[in-house]
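Here's the letter readout for the chains.
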Amino acid sequence: MHISEGVLTAPVLGAGAALTAVGVAVGLKKIDYDQLPRVALLAAVFFVASLVRVPLGPANVHLYLGGLVGLLLGWGAFPAMLAALALQAVLFQFGGLVVLGVNTFNMAMPALLCFWLFGRLARGGGRGLAIAAGFGAGALATLLAAGFTALALYLSGGEFIQAAQALVIAHLPVAAVEGALVALAVGFLRQVRPGVLGTTA
Amino acid sequence: MRIIAVTLLALGLALAACPAWAHGVGAYAYAEGGQLKGEAYFAGGGRCRSCRVEVLDAQGAALTETETDAEGAFAMAMPSGELPWTVVVHAGEGHRADYKVTAADLGQPMHPAGEAASPEPKGPPGPPPAPGPVTAAVHEAEFGKLLDKKLAPLQAQVRRLAEAQGQVTLRDVVGGLGWILGLVGVLAWAKARPRGQGR
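These numbers were taken from a predicted model, which means no experiment stands behind them. (Residues numbered from 1 in each chain as written. Chains lettered and ligands numbered in written order. Predicted model: local features only at pLDDT ≥ 70, side-chain atom pairs only at ≥ 80, totals over all residues. Heavy atoms only, no water.)

Observations concerning a nonpolar patch on the surface
Phase 1 of the analysis: There is a patch of nonpolar side chains on the surface, built from A:Leu151, A:Tyr154 and A:Leu155 and spanning about 290 Å² of accessible area.
Phase 2 of the analysis: When its relative accessible area of 52% is taken as the criterion, A:Leu155 is described as exposed. (Patch = residues over 30% accessible without salt bridge, like charges linked within 9 Å, V, L, I, M, F, W, Y side chains within 5 Å. Areas by Shrake-Rupley, 256 points an atom, 1.4 Å probe, with all protein chains shown as cover. Salt bridge = Lys/Arg side-chain N within 4 Å of Asp/Glu carboxyl O. Buried < 20%, exposed > 50% of the residue type's maximum accessible area, 1.4 Å probe, protein only.)

As structure tokens, this is what we get:
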């Protein structure tokens, strides 16, 4: 899911950087002062999650947790993931700094989309429905992130259908695991601290 | 808030302690027996199977192409082109690793390109004058084979070191977490300032 340096073409890199800049600007404005500890925690968890390899299936894939970050931060997912991905690029050489804009957009946009689609259900709604929404957010965010990555590769001259298929299929086990994780998190948070889910951002 | 903090932090630390590190791809290449060999790997272990390998010359023009085998290794006839070469490994999903092959990697003396002939392992410093051209060639071939054999375990150790170097350490993770806390702290200061006494 992290695209390396030197893979994408300049137009794709520029578009990704521009879109991410917009997302980060909106996210920074929308983050409330009281939400900052949450932002820090989720950025930290997202930062560490990419290091955990999911051994299911033949491909080399890692945890993503975009669904969780999206449900809890909304637009704040953009600045949180930008910081985490920048640090991963500098400290671990995962991804890169030139390709940071594209990578951030690929991972933050699915988080935001799942916030829009599932946020209200996770916050309000019955308990069963909220847990199902959590599963949906976790799984869909992962698959969308794989899809966006494939799109970025295609726009740089790769073969889209093959790349998309390979990426999505490789991430199906991860999507299931993430769906379960986010469902558990939603169930737990609704009992303990319901105000945290689906911020008004 | 405290329960969320503890839970998420515990999750984060538990994940950090997990031995299943992912996942940057790396590669290296060297000369052996007149071939250009190498390996492609994922940092922290794991081989890059059936990954496309390209060799580019100093200008970036493609010289040869091959694929890694089930062990992540590749071997090809020694390409000819202007050094330094770049060995590019495409691991799929947008992952790519480069390795620069210099004259030193090929065991050639550090002369400008053009003087370099077919690569041989480094001989002893200051070779004695050879008694005749045929005998010298035979000696060098035997010596080359002997050096290949002696250097193989050293090369294997270097391979292991290269793989370990790409591994993510706890130090890096802690450093990253510290930076995240620091950045959010700066953001908190920025958001708190305009409010004055309101909050």
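Text resumes after the structure shown.
Quick look at unusual backbone geometry
Phase 1 of the analysis: A cis amide bond links B:Leu83 with the next residue in sequence, B:Pro84, at an omega value of -5°.
Phase 2 of the analysis: Relative to the helices and strands, B:Pro84 is located in the loop between β5 (73-77) and β6 (85-92).
Phase 3 of the analysis: Despite not being glycine, A:Gln93 has its phi angle at roughly 60°, a positive value.
Phase 4 of the analysis: In this fold, A:Gln93 is placed in the loop between α4 (77-92) and α5 (100-123).
Phase 5 of the analysis: Since its relative accessible area comes to 57%, A:Gln93 is described here as exposed.
Phase 6 of the analysis: For B:Ser50, which is not glycine, the phi torsion reads 50° and is therefore positive. (Helix = DSSP H or I, 4+ residues; strand = E, 2+ residues; numbered from the N terminus.)

Considerations on the confidence of the model for chain B
Residues and elements named next belong to chain B.
Phase 1 of the analysis: On average, residues of chain B score 75 in pLDDT, and 70% of them reach the 70 mark or higher.
Phase 2 of the analysis: Segment residues 17-22: pLDDT under 50, and 18 contacts once partners within four positions in sequence are set aside and those in other chains are kept.
Phase 3 of the analysis: Counting interchain partners and residues more than four positions distant, the pLDDT-below-50 stretch residues 110-124 has 21 contacts. (pLDDT = per-residue confidence, 0-100. Contact = heavy atoms within 4.5 Å.)

With respect to the sheet that holds strand β7 (residues 95-101) of chain B
Residue and element names in this part refer to chain B.
Phase 1 of the analysis: Spatial strand order, β4-β3-β6-β7: four strands in an open sheet with antiparallel pairing. Of all the strands in the sheet, just β4 (62-67) and β7 have a single pairing partner and so form its edges. Each neighbouring strand pair of the sheet contributes to a mean axis angle of 20°, computed without reference to strand direction. (Pairing = 2+ DSSP bridges. Axes fitted to C-alpha atoms, helices over the stretch in contact; angles between N-to-C directions.)

Quick look at α4(A)
Phase 1 of the analysis: Along its 16 residues, α4(A) runs 21 Å from first to last C-alpha, staying within 8% of the 22 Å computed at 1.5 Å per residue.
Phase 2 of the analysis: Within α4(A), 12 of the 16 residues are buried, which leaves it mostly tucked inside the rest of the structure.
Phase 3 of the analysis: Restricting attention to buried positions, one finds in α4(A) the residues A:Ala77, A:Phe78, A:Pro79, A:Ala80, A:Met81, A:Ala83, A:Ala84, A:Leu85, A:Leu87, A:Gln88, A:Ala89 and A:Phe92.
Phase 4 of the analysis: Close packing links the buried residues of α4(A) with α1 (10-30), α2 (36-49), α3 (66-73) and α5 of chain A together with α3 (170-192) of chain B. (Expected span 1.5 Å × (residues − 1).)

A word on the nonpolar core
Nonpolar side chains in soluble globular proteins tend to be buried together.
Phase 1 of the analysis: In terms of nonpolar packing, the biggest core is built from 57 residues, with A:Phe46, A:Phe47, A:Tyr64, A:Phe78 and A:Met81 touching the most fellow members.
Phase 2 of the analysis: At the level of secondary structure, the elements contributing two or more residues to this core comprise α2, α3, α4, α5, α6 (127-155) and α7 (160-192) of chain A together with α3 of chain B.
Phase 3 of the analysis: Broken down by element, this core gets its largest block of residues, 11 residues, from α5(A).
Phase 4 of the analysis: Core analysis: the next-biggest nonpolar cluster, separate from the first, contains 23 residues, B:Ala40, B:Phe74, B:Leu83 and B:Leu106 among them. (Core = buried A, V, L, I, M, F, W, Y, C linked by side-chain atoms within 4.5 Å.)

Here's the deal with the environment of A:Ala111
Residue and element names in this part refer to chain A.
Phase 1 of the analysis: Note on placement: alanine 111 falls in helix α5.
Phase 2 of the analysis: According to the relative accessible area criterion, alanine 111 is buried, its value standing at 0%.
Phase 3 of the analysis: A C-alpha to C-alpha distance of 10 Å links alanine 111 and tyrosine 64, two positions 47 residues apart in sequence.
Phase 4 of the analysis: The contact partners of alanine 111, leaving out residues within four places of it in the chain, are Tyr64, Gly66, Gly70, Ala77 and Met81.

Looking at the sheet that holds β5(B)
Residue and element names in this part refer to chain B.
Phase 1 of the analysis: Spatially, β1-β2-β5 is the arrangement adopted by the three strands of the open sheet, whose pairing is antiparallel. Lying at the two open borders of the sheet, with one neighbouring strand each, are β1 (25-32) and β5. For this sheet the average axis-to-axis angle between neighbouring strands, irrespective of direction, equals 20°.
Phase 2 of the analysis: Relative to β5, strand β2 (residues 35-42) runs antiparallel, the two being bridged by five bridges. Directly across from glutamate 39, in β5, lies its bridge partner alanine 73.

Notes on α5(A)
All names here are of chain A.
Phase 1 of the analysis: At leucine 117, α5 shows its largest kink, close to 50°.
Phase 2 of the analysis: Of all the 24 residues making up α5, 18 are buried; the element is thus mostly covered by neighbouring parts of the structure.
Phase 3 of the analysis: Once α5 ends, the next one or two residues include glycine 125, with phi positive near 65°. (Bend = angle between axes of the 7 residues up to and from the residue.)

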